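Residue strings, one per chain:
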Amino acid sequence: MNANKIKIVKTDLDGFVNVPINMQWDFIGNDEAISSYEIDVINEVINPVADFEISRFAHNVFPNQDSAINYDFYFYDDSAPITANTVGNWGITYLNEGFSVKDVYYYSKPFTKSFFKLDFYTTKEEKTQQIYLSIVLPVQQGSTETVLLSPQLGLVEIKKPKMKLDYIGDKEGFFIYWLRNRNFIDINRFYMTAKFFDGRTGIFKQMTNTQQNLITPNKFNFDNSNYFYYRVDLDYDNKTYEVFSTATNQRVGDANTPIKFYEYVNP
Amino acid sequence: MIVDPTTSIILSTQRYKSAPRVDQFINVPFAQSTKTLTEYDRSVDISLATVFDEERQLSTIFRPVTKFAILFENAYTGSTKYVPFRDNLYYTNAIINAQDYYYQGNTMAVQPPATDQNIPWDGFPQYSEFDFIRTDNDVIGYTQPPNNHVTFKNVSATTYNWSHYISYPYKNNFNKTLSAIEPGTNIQWSWVASSGLPYYVLVGNDKNTRQITFKCPMTHGLSVGEYVQLSVNYNGNQLFQVSSLGTTGSGSEEYIFSISNIGYTGNVFQTNSKGTFKRVINAGNSGDTISEYYVRQHKIITKPECAVLVNAGFERNIYGNKQKCEIKVLTPNQKVRNSIKEGDRSYTLSFNCDVDINGLKDNQGRPLTELFFTTIWRGYFGWTSVMREGWYFNTYLQKGKPQTWWDTTNANANVNISENFYTTPSGGNVKFYYNDLLNTGSTLNGDFCEWNNFDQFERVISTYQHKIKYNENWFTIKNKLPTTNQYGYFYQPHNPVQIASFSDYIEEGSSANVVGIPDYAYYSTTTALFRWRDLYPYGFIDPNGVGVDYPFLNGAQYPFTNTIFRITPENYNIPSDYANIGSVPVNITTITDPLVDECE
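All values derive from a computational prediction rather than experimental measurement.

S.K.: Please explain the overall build of chain B as it appears in this structure.
M.R.: Counting secondary structure elements, chain B contains four helices and 36 strands. Here chain B holds 600 residues, and the buried ones make up 35% of them. Across chain B, every contact between residues at least 6 apart in sequence was considered, and the portion connecting residues at least 24 apart equals 71%.

Pasting the structure below:
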């Protein structure tokens, strides 16, 4: 528009200038706003780029440079009712769980289909917690115990639920595979519980971190957050994790202080 | 523009009584606060493919992965008296060794007899000494107490023998001194990389043939019609046109070229005379078309702890696991065991850290098109010492012996990796050597290459090699070679994975006519034009198959390659006939294997 050439001269009528207000105009600066909005819309419609790549978190070495993580799983011998005196009824053996020596020695299907399941939760509070990952420990892993198979076949070595997981050897479940980028889920602490899936019965058995007979005042009615969990801390820089007792806050998992889980017995 | 609709314009004479008559104007300001609205400005079609491609092209994050298939032939037997090594060999001369060692005899089910600890035992170091992941973490007396050599830490299982990194070529070393030999002759070259390629005259003017024929110890990269600029001159002329390639031998065209003999005299082209040459594409423009020769230098860009090495599923190579049972009475420690000579496992290498190539340029100042998996011998268990570097043309034997290049006294073959050592109680003060881990920013030599500005192409002339050899203090190979230049194993440290591609055509233009000339283009002062190859976008492969297309997800690129990692023996020594190198080897499997041995 060249305004300087507009000249309004006197007439007998009132003079008007019609200025078009047709909306063919837009405020400058909206372009940028639209571009920015476009990104928002695209992110909303297509989803933004999120990094779901996982990294391998290994168990951190102890001061003695030992990297192994040790799990001891205790099963309760149901032959006696659980009391304050039945301390010895927990044992690191599948026989207490009801498997026969032959089941374990010959790797019967119900035995090989059984496994331990470690679940990792965001908190210890059952009402608000979310499970983010699980690790399965197959029963084929672990050390052995010597038992009598039969009078004719004599003593044999069978698997027992005492596992030493490391970089080599038994390593199923040694590593935690978790998001390497913290932008999507920023979490560096999990609470770990254990369950045992019994292939004979097809049910999961919950496990506690303390022998049930030692739980006071009531071994059947206790605060779950104190007796079902171990704490697992992730180190994103070194891609390692460490396990701590929720009772003592001391690091556990080495050969002297293995991570212990005890079969929970219903009243 | 906003105008109040109630605004009225009246005659000037009517503004007030006796108002003068004047012309009236409306000043419309030039200042714009509005613009024309173009249709579709506010309606954008979102294409998932377009958005994906934009993100892909912009991403500079790489997560390279490779699968290593290891090919290794355990070729050198030797002997050792050092107990942890001695007790863990793959024995090759067990009966004779046992006779000397158990000088009072040795039979099963009898208390172990007296032994002569000064008797060395012969054999191969087991495969675990070379494997990518050591699994011998439970060998009492070797990796576990008592009297062990090393207390095995499982966390180091993947770094005891080898360490893995990502590197890229970042500059050129034109001044590296190189050396090569012509196998079977006394011809030897020592030259500086920038001088070009060595040659010797295979058929000279003294043979009175129509052509003068040259032979190189490496591929020359020449084509008929191109030129060579020799290091010598004939009457002041150094440029000669290539008239033919090769002789009658298959593949010889890569190593042999000829120029026309137009009646040259004198000794410049005499048979067996030698020198170096450079490739020139166009004699009329030798300034632009002459090749440069150099050794690439690599920079490490990942930390050693970033590497994640795992078994590649159940994959095994076709050569199988070579193992045998060491019978109790034929071992120095009276223990039956399986010993493994060669393994067959494959491994997958990935990295816990992302590789960001933003801002990185290759050795020609161009965007990176290759990353390298750099694998370095660590040898923490101390069987070896003084690792050497060289190139593939140094791996040829020089009259049945290692080239003098590999001698430990040759400083040009020193690797840029610091060597460390330790001692053990049972080893006394004698040192066990190993290579330190590298860190980000460490530099290493790389392949010997040719670059031509006219071609805009880099050719690998000879691959970079490391040579590892046994520490004679602990493991002695019995032959007549000097201890400073023994046989060893070669491996190629840098294995590439392609992450992008340059076009197979060359662009040429001036800045006045062409927009978007890349900053890495070569400017020819002769033609006053830029020359360059276009960088293909990720996911584009041209009809000739040039280009890359690998997964892009999580905002990162996932290039993958299969790598065959060869650990190649320099030559075979003779297991039971050390005195006569080159004689027919005695069959080391003369001890027949029992149908059922003690290991079962």
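S.K.: What should I look at first to understand the overall build of chain A in this one?
M.R.: Looking only at helices and strands, chain A has four helices and 16 strands in total. Here chain A holds 267 residues, and the buried ones make up 27% of them.

S.K.: Explanation requested: the sheet that holds strand E15 (residues 274–280) of chain B in the structure shown.
M.R.: Hydrogen bonding along the main chain pairs the strands of a sheet, whether they run parallel or antiparallel. All names here are of chain B. Read once around its circumference, the closed barrel built from six strands follows the order E10-E11-E14-E13-E12-E15, with strand pairing classed as antiparallel. Ignoring strand direction, the axes of neighbouring strands in this sheet form an average angle of 50°. Sheet analysis places strand E12 (residues 227–234) next to strand E13 (residues 237–245), joined by four bridges and oriented antiparallel. Note on E13: the bridge partner recorded for Tyr234 is Asn237.

S.K.: Whenever I open this one, the domain arrangement of chain A confuses me. Can you help?
M.R.: How big an interface is tends to be expressed through the accessible area that disappears when the partners come together. Taken domain by domain, chain A comprises domain 1 (12–46) and domain 2 (54–263). Once you take the C-alpha centre of each, domain 1 of chain A and domain 2 of chain A turn out to be 65 Å apart.

S.K.: Explanation requested: the environment of Tyr101(B) in the structure shown.
M.R.: Residue and element names in this part refer to chain B. Turning to its location among the elements, Tyr101 is positioned in helix H3 (residues 94–101). C-alpha separation for the pair Tyr101 and Glu182, spaced 81 residues apart in sequence, amounts to 45 Å. Apart from the residues within four sequence positions on either side, Tyr101 is in contact with Thr115, Asp116, Ile119 and Pro332.

S.K.: Would you explain the nonpolar core in this entry?
M.R.: Among soluble globular proteins, nonpolar side chains are generally buried collectively. Ranked by internal contacts, the top residues of the largest apolar core, which has 69 residues, are Phe73(A), Met192(A), Val232(A) and Phe261(A). Apart from residues no more than four positions distant in its own chain, Met192(A) is found in contact with Leu118(A), Asp119(A), Phe120(A), Tyr229(A), Tyr230(A) and Val232(A). Formed by 35 residues, the second largest nonpolar core is a distinct cluster that contains Ala180(B), Tyr199(B), Leu202(B) and Phe448(B).

S.K.: Would you take a moment to explain the domain arrangement of chain B for this structure?
M.R.: All names here are of chain B. Domain parsing of chain B yields domain 1 (61–171 + 299–501 + 536–569) and domain 2 (180–291). The C-alpha-based centres of domain 1 and domain 2 are spaced at 37 Å. Counting from both sides, the interface comprises 15 residues of domain 1 and, opposite them, 13 residues of domain 2. Element by element, the count of residues in the side of domain 1 that touches domain 2 is highest for strand E26 (residues 443–452), at four residues. Its residues placed into classes, the side of domain 1 that touches domain 2 shows seven nonpolar, six polar and two charged.

S.K.: Even after reading the chapter, I still don't get H3(B), so can you show me in this structure?
M.R.: Since the α-helix turns once every 3.6 residues, residues separated by three or four places project in the same direction. All names here are of chain B. Those residues of H3 that fall on the buried side of the exposure criterion are Ala94, Asn97, Ala98 and Tyr101. For H3, the arc enclosing every buried residue in end-on projection is 100°, short of the 170-degree limit, so these residues lie on one face. Where H3 is buried, its residues contact strand E5 (89–91) and strand E6 (121–125).

S.K.: Any chance you could explain the sheet that holds strand E29 (residues 489–491) of chain B here in plain terms?
M.R.: Residues and elements named next belong to chain B. On the basis of which strands lie adjacent, the open sheet formed by seven strands has the order E17-E20-E3-E36-E29-E28-E23 and mixed pairing. Looking at strand neighbours, the two that pair on one side only are strand E17 (307–316) and strand E23 (384–391), the edges of this open sheet. The average angle at which neighbouring strand axes cross in this sheet is 25°, direction not considered. The sheet contact formed by strand E28 (residues 464–470) and E29 spans three bridges and is antiparallel. Bridging from a neighbouring strand, Ile468 pairs with Tyr489 of E29.

S.K.: It is not clear to me how the pairing of strand E22 (residues 370–377) of chain B should be interpreted in this structure. Could you clarify?
M.R.: Within a regular strand, the side chains alternate between the two sheet faces. All names here are of chain B. Within E22, seven of the eight residues are buried, which leaves the element mostly enclosed by the surrounding structure. Here strand E7 (residues 162–173) pairs with E22 via six bridges, running antiparallel. Across the sheet, the residue bridging to Tyr165 is Thr374, located in E22. Pairing analysis gives five bridges linking E22 to strand E30 (residues 494–498), with the strands arranged antiparallel. Opposite Phe373, over in E30, you have Asn495 as the bridge partner.

S.K.: Is there a simple way to explain unusual backbone geometry in this structure?
M.R.: Excluding glycine, residues mostly carry a negative phi; peptide bonds, for their part, are mostly trans. Pro217(A) follows Thr216(A) through a cis peptide bond whose omega is 0°. Relative to the helices and strands, Pro217(A) is located in the loop between strand E12 (203–208) and helix H4 (224–227). Even without glycine at this site, Val386(B) takes up a positive phi of about 50°. Within the element layout of this structure, Val386(B) appears in strand E23.

S.K.: Can you help me understand the confidence of the model for chain B in this one?
M.R.: Low pLDDT marks regions whose predicted coordinates should not be analysed in detail. Summarising the model, chain B shows a mean pLDDT of 90, and 90% of its residues fall at 70 or more. Per-residue pLDDT stays below 50 along residues 573–591 of chain B; that stretch engages in 29 contacts with residues further than four places along the chain or on separate chains.

S.K.: Would you mind going over the pairing of strand E3 (residues 69–76) of chain A with me for this structure?
M.R.: All names here are of chain A. For E3, the buried fraction is high: seven of the eight residues fall into the buried class. As defined by bridge partners, E3 adjoins strand E9 (residues 162–165) across four bridges and the pair is classed as antiparallel. Along E9, the bridge assignment pairs Asp72 with Lys162. Bridge analysis of E3 against strand E16 (residues 259–263) gives four bridges, and the strand direction is parallel. Considered in E16, the bridge of Tyr71 is made with Ile259. Pairing between E3 and strand E4 (residues 90–91): two bridges, direction antiparallel. Paired with Tyr76 across the strands is Trp90, a residue of E4.

S.K.: Help me out: how do you make sense of the environment of Ile187(A) in this one?
M.R.: Residue and element names in this part refer to chain A. Locating Ile187 in the fold gives a position in the loop between strand E10 (176–179) and strand E11 (189–198). The exposure class assigned to Ile187 is partly exposed, which follows from the 14 C-beta atoms found within 10 Å. C-alpha separation for the pair Ile187 and Tyr236, spaced 49 residues apart in sequence, amounts to 9.9 Å.

So, how was this worked out
- Residues numbered from 1 in each chain as written.
- Chains lettered and ligands numbered in written order.
- Predicted model: local features only at pLDDT ≥ 70, side-chain atom pairs only at ≥ 80, totals over all residues.
- Helix = DSSP H or I, 4+ residues; strand = E, 2+ residues; numbered from the N terminus.
- Buried ≥ 20, exposed ≤ 12 C-beta atoms within 10 Å, placed from the backbone.
- Contact = placed C-beta atoms within 7 Å.
- Pairing = 2+ DSSP bridges.
- Axes fitted to C-alpha atoms, helices over the stretch in contact; angles between N-to-C directions.
- Domains from an automatic or database assignment.
- Core = buried A, V, L, I, M, F, W, Y, C linked by C-beta atoms within 7 Å.
- Nonpolar A, V, L, I, M, F, W, Y, C, P; charged D, E, K, R; others polar.
- Arc of directions from axis to C-beta.
- pLDDT = per-residue confidence, 0-100.

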